[in-house]
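Summary of the model geometry
Residue-level listing of the chains:
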Amino acid sequence: MVEEAEELRALQQPARHTTFQDDGKDTGSGTGSSRTSSSWWKQLLAGCSPKRRLPILTWIRRYDGEDALSDLIAGVTLGLTMIPQSIAYATIAGLPSQYGLYAAFMGSLVYVFFGTVREVSIGPTSLMSLLTLEYTAGRPHQYVIVLAFASGLVELAMGAFRLGFLVCFISVPVTSAFTSATALIIIGAQLGNLLGLPRLPGSDSGFFSTVWSILHRLQQTAFGDAALGISCMVVLVALQYLPRLVSATRNRPIHRFLWYVSLARNALVVLLATLLAHYLSTTPGGVPFRLSGQVEPGIPAFEWPVRGVTVNNTTVTFIQITTELGSGLLLVPLVAVLANVAIAKAFATDGVVDATQELIALGLCNVIGSCFRAMPTTGAFTRSAVSHASGVRTPLSGLYSALLTLLALGVLTPYFYYIPRATLAAVLIIAVASMLDLAIVRRLPRPPASLADLFAWTVCFTVCLFRGVEVGLLCGMGVSLLEPLRHWVWPRADCTTVRGPTITYRRVRPNLGLLYPGLDRLRTVVLTEARHYTPIPIVLDCERVVALDHSAVRSLRELADEVERLGGTFILQNVQPAWRSALQLHETDHGLMFHRPEGTVSPVAQDKQEEVEIAQIRSEM
């Protein structure tokens, strides 16, 4: 398995989303509405065009023999990486091995037609497998299929409504904490298989309970499983660094050969361990370690997943299954979108990703895959990196990977029985170990980061380990949103005295939008300045203001009246033209002031009039 530390770095890159924009712009005033409607209609038609929604129609016309050869090499190399990964990831989700192969086959095949980035490989991943286990542990396999189907529908809806921007609410520290905690949980869960310990009911209740259970049962360690698992880990690490033995400048052919061997290290280790187990099964002593067991051959027949399942002689309907899955129906697709869009951006040309099409492609991979009993899927950086390094030319390389997976399902499944569980555990542990990003803890307290980022990382990481990754991710998102919310509730404002040739004034410059959460804070700042610097005018500089709402419109007018009552003058500068009519401002020699309708009196005059009336009432009494 290729170095997965790159996957974490890719997930931490903000995704850039592209949206269709019509070339014509509304520049007139009388026909603005009709032009807007025409532009909207053109965008809708362009968004539904076959060339846009079936990218294969664009690049297949230029496909030639050189592309075919490059895609064949990349596809076969990717398939050798995908097959052992898919088998291992299925074990994380608590599923038979064939479910991971179903997902790899359908994900690769569907993405050929709907994908936009040639390097992206759709299939089972460690994140998806762990989330699947969180929501379907101890339940029939039909729950996994329904989860994949529902996740695909949510992803399709996100693509249709262009909601890919939602992944921006997951900050880099939260992503790092989430992947690091996921890696620890997977390592903890696989230690039992690595040591040959039997799986106990309820052992998947949490990371600490799993590790505690293993520590208490260390004396039950099976020597055969432990020896094989540790040996496989050593071989995997050695093969990972194999290309460094010969530099490309010294001997390029040998370096290239060693590089291909390193890429196929998972397949090689699994193959050698399987051959060893098959040989030992013919000896009198038998196999001294646990095997994977029977694997169902072939691809299952097409079947809509909207059917119920019988549990303990009771039929559970499709609606009841979705109800029991609960938050997984939103969290699983959200994590899938985060991973897929970020990985697509890492490999896309110029970093530009058609996020809408990627969401649609991912949704179709899950919906169609669920009809063939596939588990939830998303993009995997490890396999995408293999495709990139193998010289992939087009998404058609996924077809060769799918055919290789189909060959494994049709021909090799009898031999999957002999795959040792300790070997699969070793593959998974080496793969996810590089996802641990604990070094970020040292970087977060340093500028330009803040303690808020460190707090969000700590909360997400801790909750993931104690309460589960789905709760930890939501908590981390909530904590990380507190920091930008703080800037809107307590906006900063720079206050300076400006001495001009004709007037001296006190300038208040807010650094964010004037929205309702921060109005009280701004009001306090302005009134404090007015009390200290009256009768110097108070100027609100709106140069940095990026947003304005209805509450701010009313509050600014009231604030102008309060400043006038204090004996000062309230002036606005650098107000966007579109906001001037809403604020009812008029131009003066020194800036913009609120327009007072004819027949109305100033707040000072009104206060004096009220004082006179109150005095008259008291004298009459």
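Anything mentioned here points back to the structure above.
Keep in mind the model is a prediction, meaning the values are calculated, not measured.

1. Focus: the overall build of the chain
In terms of helices and strands, the chain carries 26 helices and 10 strands. By the burial criterion, 49% of the 621 residues in the chain qualify as buried. For the chain, the proportion of contacts with a sequence separation of at least 24, taken over those separated by at least 6, is 77%. Summing over all exposed atoms, the chain offers an accessible surface of approximately 29,600 Å²; the carbon and sulfur share of this is 61%.

2. Comments concerning a nonpolar patch on the surface
Together, L69, L72, I73, V76 and L80 make up a nonpolar patch on the protein surface, roughly 380 Å² of accessible area in all. Looking at L69, the relative accessible area reads 52%, which means it is exposed.

3. Comments concerning the pairing of strand β5 (residues 493-499)
As judged from the seven bridges shared by β5 and strand β6 (residues 504-510), these two strands associate in the antiparallel manner. If you follow T496 over to β6, its bridge partner there is R507. Between β5 and β6, which pair antiparallel one after the other, the connecting turn spans four residues.

4. Things to note about the pattern of salt bridges
Tallied over the full model, the rule gives 12 salt bridges. Where R486 meets E483, a salt bridge forms, and the shortest distance between an N and an O atom there is 2.9 Å. One end of the pair, R486, and the other, E483, are both in helix α22 (residues 469-489), three residues apart, so they sit about a helical turn from each other. For E483, a relative accessible area of 23% puts it in the partly exposed group. Between E543 and R509 there is a salt bridge; the shortest N-O distance is 3.4 Å. With E543 in the loop between β7 (538-541) and α24 (550-565) and R509 in strand β6, the pair connects residues that are 34 residues apart, well separated along the chain.

5. Structural notes on the nonpolar core
Core analysis: the largest hydrophobic core is formed by 122 residues, its most contacted members being F178, L325, V335, F416 and L473. Of the residues forming this core, the biggest block, 12 residues, is contributed by helix α15 (residues 328-347). Excluding residues that lie within four positions of it along the chain, L473 makes contacts with I170, V174, F178, L331, V335, C460 and C464. In this structure, I538, L540, V553 and L592 belong to the second largest nonpolar core, which totals 26 residues.

Analysis parameters
- Counting restarts for each chain, with residues numbered from 1 along the sequence as it is written.
- The model is predicted, so local features are restricted to residues of pLDDT at least 70 and side-chain atom pairs to those at 80 or more, both for listing and for counting; the totals for chains, interfaces and linings are taken over all residues.
- Excluding hydrogens and water, the side-chain figures rest on all heavy atoms present in the structure.
- Numbering goes from the N terminus for both helices and strands, where a helix is a DSSP run of H or I of at least four residues and a strand is a run of E of at least two.
- A 1.4 Å probe rolled over the protein chains alone gives each residue an accessible area, and that area as a share of the maximum for its type sets the label: buried under 20%, exposed over 50%, partly exposed in between.
- By definition, residues are in contact when any of their heavy atoms lie within 4.5 Å.
- All accessible-area figures derive from a Shrake-Rupley calculation using a 1.4 Å probe, and residue coverage is judged against the displayed protein chains alone.
- Each patch is built from residues lacking any salt bridge and having more than 30% relative accessible area; the joining distance is 9 Å for like charges and 5 Å for nonpolar side chains (Val, Leu, Ile, Met, Phe, Trp, Tyr).
- For this document, the term salt bridge refers to a Lys or Arg side-chain nitrogen within 4 Å of an Asp or Glu carboxyl oxygen.
- We call two strands paired when DSSP finds no fewer than two bridges between them.
- Only buried Ala, Val, Leu, Ile, Met, Phe, Trp, Tyr and Cys residues count toward a nonpolar core, and they belong to the same one when joined by side-chain atoms within 4.5 Å.

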